[in-house]
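Residue-level structural notes
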Amino acid sequence: MYAEVAMMPGTNRLLCLGASVLLVGLAAQPAPAVAHDLPRTYVVSRSPGVLPEGIAIDRDGTMYVSSDGTGALYRGTVRDPRLRPFRADGVEDRTSTLGVHTDARGRVFSVGGAELTVHDRRGRLLTTRTAQSGPLGASDLNDLVITEDAVYVTDWANPVVHRAEIHGGELGPLEPWLDVRSAFPQFPAQFWLLNGIVADRSGRTLLVASNGTEAVWRVDVATRQVGQLDLNGAPFGADGMLLRGRTLYAVLNYGAPSGVYIATLDEELRTGAVTHRITGAPFDLPTTLARHNCRLYVVNSQNDAPPGEPPYTVSAIDDPTCDRP
């Protein structure tokens, strides 16, 4: 099946430079059988103004969702359609929380404003790290990825990736690590708008999404060399992303119909092609996604019309690339 992908208007956090209409060939494959006794919709909150943004799911199915509208964190499980507030120390002082991820120890990492915080499963604050201001001013941290030896964080307000080293499980200072303008020096600094970030299993390669350039940028961690991921020359302004082997899952909500786009990449993560596009219902301006047992969990932000309208939800769909029976 071939589909026409049309331009869409930007939103408050999804501003970007214009781009032309693009056509992408998309392979249609039947979705595999999965556990249909699990909920298809998860209610994050019924309180006004929450505007969910980020999501993380542990191996045991524990789900965390962040709020752009209030800064709160919510917790639930893939087995229960209702999430509840996660009482995380210090988060009540945040006005916005965006990226959220967990590590192998079950610790909860989240970012909001210029702060990166780490909590344990009981909500106790373990660490706070504050990002320095960048070339354009105060940091506005957007998303993060955790590797074996570091945490990398994107900055929406500056064309900068920040890094905090991990030593013996302890987090070092959060410091500016990469100014991505070197890859595209003629592009206006204020429009890079860095979003999602993912790493390969080795932690040697990062993929960084930039709404402004409508591209995903490949970063070699050892050399800090930056190059554009080539998806057959198509603009690809991703928001949240997920990398599983050579499969890149991305949520698009600008420059193309909102939804989940799946690409297969080469072994070096330099080139690839979009193979699946899942758009339309049940999404409501999706921002990012998580994967658990052949299902994709997609956050419906409602950020195109804040404060949105409760309930605020996460939608679960089958992963069309899943190879399990």
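Our structure is the block above this text.
The rules behind each value
- Residues numbered from 1 in each chain as written.
- Predicted model: local features only at pLDDT ≥ 70, side-chain atom pairs only at ≥ 80, totals over all residues.
- Heavy atoms only, no water.
- Helix = DSSP H or I, 4+ residues; strand = E, 2+ residues; numbered from the N terminus.
- Buried < 20%, exposed > 50% of the residue type's maximum accessible area, 1.4 Å probe, protein only.
- Contact = heavy atoms within 4.5 Å.
- Areas by Shrake-Rupley, 256 points an atom, 1.4 Å probe, with all protein chains shown as cover.
- Pairing = 2+ DSSP bridges.
- Axes fitted to C-alpha atoms, helices over the stretch in contact; angles between N-to-C directions.
- Salt bridge = Lys/Arg side-chain N within 4 Å of Asp/Glu carboxyl O.
- Patch = residues over 30% accessible without salt bridge, like charges linked within 9 Å, V, L, I, M, F, W, Y side chains within 5 Å.
- Lys, Arg positive; Asp, Glu negative; His and termini not counted.
- Charge placed at Lys NZ, Arg CZ, Asp CG, Glu CD.

On to the overall build of the chain. When helices and strands are counted, the chain shows zero helices and 27 strands. For the chain, the proportion of its 325 residues judged to be buried stands at 57%. Partitioning the contacts of the chain with sequence separation of at least 6, the portion at a separation of at least 24 is 51%. Carbon together with sulfur atoms contributes 49% to the accessible area of the chain, which is approximately 13800 Å² in total.

Before going further, it helps to spend a moment on the sheet that holds strand β9 (residues 108-112). The sheet built from four strands is open, its strands ordered β8-β9-β10-β11 with antiparallel pairing. Across the chains shown, the open sheet's two edge strands, defined by having one partner strand only, are β8 (100-102) and β11 (125-130). Pairwise comparison of adjacent strand axes, ignoring direction, gives a mean angle of 15° for this sheet. Both strand β10 (residues 115-119) and β11 contribute to a ladder of five bridges, which runs antiparallel. Opposite E115, over in β11, you have T130 as the bridge partner.

With that settled, consider the sheet that holds strand β26 (residues 295-300). What the four strands build is an open sheet, ordered β3-β27-β26-β25; its pairing is antiparallel. If you trace the sheet from one side to the other, it starts and ends with β3 (41-45) and β25 (286-292), each paired once. Adjacent strand axes in the sheet meet at a mean angle of 25° when their direction is disregarded. Where β3 and strand β27 (residues 312-318) come together, four bridges link them in antiparallel fashion. What sits directly across from T41, in β27, is S315.

All right, on to the pattern of salt bridges then. For side chains bearing opposite charge, pairing can occur when the charged atoms are close. Inspection of the entire model under this criterion finds ten salt bridges. One salt bridge in this structure joins D103 and R107, with 2.7 Å as the shortest N-O distance. Take D103 and R107: they sit in the same class, and that class is buried. When salt bridges with common partners are traced through the structure, they connect D58, D60 and R121 into a single cluster.

Turning our attention to the pairing of β26. Burial analysis of β26 places six of its six residues in the buried class, the great majority of the element. In this sheet, β26 lies alongside β25 in antiparallel orientation, the contact comprising five bridges. Its bridge partner being in β26, H292 is matched across the sheet by R295. Taking the residues that link successive antiparallel strands as the turn, the β25-β26 hairpin has two residues, and the phi of N293 there is positive, at about 50°. Note: β26 against β27, five bridges, orientation antiparallel.

A few words on a negative patch on the surface. A cluster of acidic residues, D89, E92, D93 and E115, forms a negative patch at the surface. Position of D93 relative to the elements: it lies in the loop between β7 (84-85) and β8. Classification of D93 by relative accessible area gives exposed; the value is 65%.

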